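Observations on the three-dimensional arrangement
Now for the letters of each chain:
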Amino acid sequence: MYIIDTHAHYDDERFDGDRDELLTSLSFHNIGIVINSGASMKGVRDTIALTEKYDFVYGSVGIHPSDVMELEVDNAYEELKSLALRDKIVAVGETGLDYYWDEPDREIQKKHFERQLELAREIKKPVIIHSRDAAADTLDIMKSLHAEEMGGTIHCFSYGTELAEEYLNMGFYLGIGGVITFKNGRKLKEVVDYMPLDRILLETDSPYLSPEPNRGKRNSSLNLPYVAEKIAEIKNISVEKVIEATYDNACRVYKLPRA
Ligand code: NI
């Protein structure tokens, strides 16, 4: 049973120096599948290229809330849709709301979050949600657009158990990454303790959010065992059990081929 990294950004320029070497090394470290998450128009096109070059790389296609001004141009949605329809693209995203930054305007973020949810519905693929400091509006929009019918993942889940319960009740999975190993990650540890194992996905968000003991360095899928170990510790089960369950979960939600 291998590890699946359900959220990484290997199109990021921080991998320009060693991308091929790093990606081809993953299978020797039991990382069997990576889902590369497109987050800008360039990121989306680069994601497609990665899925064409590497068998084990799948992708998601969407525009991060910080970059949605890119969708304010003609034909942006036509291109997004045609790329999202490809076989190795398993989800629409990341899409959502990010109120940590003042830009873009919240109304514009909401509009493009809604449109991307509608795209997921239209092409019948799950969604990968990014939500930061925007808990109430994210949930409102997901409920009003019946996101439970598309399903998917709240990536890099950062809220507490009450919101976790809301998303779990909608059938969503929660992406758990490096933050679970942080000393100040108490809230997320409570969520992992609370939630059922069959809704947890392992993710890195590489190159961001490297777990301890590599916090602050460039992240990669090679760090996922630290995340799996921490989840095992919190849930008082074996690491093998965490890897097996999260593998099943990722295959189920993203319809990935089983090894
Ligand atoms: Ni991300």
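Residues numbered from 1 in each chain as written. Predicted model: local features only at pLDDT ≥ 70, side-chain atom pairs only at ≥ 80, totals over all residues. Heavy atoms only, no water.

1. A closer look at the overall build of the protein chain
Counting its regular elements, the protein chain contains nine helices and eight strands. Its C-alpha atoms give the protein chain a radius of gyration of 17 Å, within 12% of the compact-globule value 18 Å for 259 residues. Considered along the principal axes of its C-alpha atoms, the protein chain spans approximately 50 × 40 × 35 Å. Counting only residues that meet the buried cut, the protein chain has 57% of its 259 residues in that class. Surface exposure of the protein chain reaches about 11,600 Å², of which carbon and sulfur atoms provide 47%. In the protein chain, which carries 31 positive and 46 negative side-chain charges, the distance between the mean positions of the two groups comes to 3 Å. (Helix = DSSP H or I, 4+ residues; strand = E, 2+ residues; numbered from the N terminus. Rg over C-alpha atoms; globule rule 2.2 N^0.38 Å. Buried < 20%, exposed > 50% of the residue type's maximum accessible area, 1.4 Å probe, protein only. Areas by Shrake-Rupley, 256 points an atom, 1.4 Å probe, with all protein chains shown as cover. Lys, Arg positive; Asp, Glu negative; His and termini not counted. Charge placed at Lys NZ, Arg CZ, Asp CG, Glu CD.)

2. Structural notes on the layout of surface pockets
Taken as a whole, the largest pocket encloses approximately 640 Å³ of empty space. Every residue lining the largest pocket is counted, 24 residues in all, and those nearest its centre are His-9, His-64, His-130, Asp-205 and Tyr-208. Elements with a contribution of two residues or more to the lining of the largest pocket: helix 2 (41-53), strand 4 (89-98) and strand 5 (127-132). When its residues are assigned to classes, the lining of the largest pocket shows five nonpolar, nine polar and ten charged. (1 Å grid on protein atoms, 1.4 Å probe; cavity = no way out; pocket = protein on both sides within 12 Å on 5 of 7 lines; lining within 4 Å. Points joined across faces, edges and corners; volume = space filled by probe spheres on them. Nonpolar A, V, L, I, M, F, W, Y, C, P; charged D, E, K, R; others polar.)

3. Quick look at the nonpolar core
Counting 70 residues, the largest nonpolar core has Phe-157, Tyr-167 and Leu-174 as the members making the most contacts within it. Those residues in contact with Leu-174 that sit more than four places away from it in its chain are Thr-153, Ile-154, Phe-157, Ala-164, Tyr-167, Leu-168, Val-191, Met-195, Arg-199, Ile-200 and Leu-201. (Core = buried A, V, L, I, M, F, W, Y, C linked by side-chain atoms within 4.5 Å. Contact = heavy atoms within 4.5 Å.)

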